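Report on the structure
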Amino acid sequence: MMGYRLDRLAVLIVDDNQHMRSLVRTILESLGVSQILEARDGSHALEKMSQAQIDLLVVDWNMDPMDGLALTRHLRSSPDSPDQFVPVIMLSGH
């Protein structure tokens, strides 16, 4: 049986809290992910996605000015979405 090759994934962590981005980065690195980018909010994430191919987003729900829900809605429905089908994992501290 073949295992997953997480080292091939490019993951974008989107969170306005630097400590949470660090924590998620550490978890992803421990799973073998080596291509990790970070963004401080949804708007910054869209900028990053226009510059690099992203395979997975790990997104905080509550951020300003663009939260995780608005980012996901934009990705799924906007004609200028960088990737309408990118998988999104939503995180929340609530």
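The structure reproduced in this document is the subject of the present report.

**Regarding the pattern of salt bridges**
Between side chains of opposite charge, a pair can form when the charged atoms approach closely. The full count for this structure, using the stated rule, is four salt bridges. Note that Arg25 is salt-bridged to Glu29, the shortest N-O span being 3.6 Å. Here the residue Arg25 and the residue Glu29 both occupy positions in helix 1 (residues 18–30), the gap between them amounting to four residues, near one helical turn. When its relative accessible area of 24% is taken as the criterion, Arg25 is described as partly exposed. Residues joined in a network through salt bridges with shared partners are Arg21, Arg25, Glu29 and Glu38.

**A closer look at the pairing of strand 1 (residues 10–14)**
Counting buried residues in strand 1 gives five out of five residues, a clear majority hidden from the surface. Going residue by residue along strand 1, you find Ala10, Leu12 and Val14 tucked away on one face and Val11 and Ile13 tucked away on the opposite face as well. Relative to strand 2 (residues 35–39), strand 1 is paired through five bridges, and the arrangement is parallel. The residue of strand 2 that forms the bridge with Ala10 is Gln35. Handedness of the strand 1-helix 1-strand 2 crossover: right-handed. For strand 1 and strand 3 (residues 56–60), the ladder comprises four bridges, and the chain directions are parallel.

About the thresholds
- Sequence order as written defines the numbering, with residues in each chain counted from 1.
- Reporting of local features is limited, given that this is a predicted model, to residues whose pLDDT is at least 70; pairs of side-chain atoms are given and counted only at 80 or more, and all residues count toward the totals for whole chains, interfaces and linings.
- To obtain the side-chain values, all non-hydrogen atoms of the structure were used and water was disregarded.
- Throughout this description, the term salt bridge denotes a Lys or Arg side-chain nitrogen within 4 Å of a carboxyl oxygen of Asp or Glu.
- Only runs of H or I of at least four residues qualify as helices and only runs of E of at least two qualify as strands under DSSP, and these elements are numbered from the N terminus.
- For the exposure calls, accessible area comes from a 1.4 Å probe over protein chains only, and a residue counts as buried if that area is under 20% of its type's maximum, exposed if over 50%, partly exposed in between.
- Strands are treated as partners if at least two bridges between them are detected by DSSP.
- Whether a crossover is right-handed depends on one test, that the path from the first strand over the helix to the second runs clockwise when the strands point away from the viewer.

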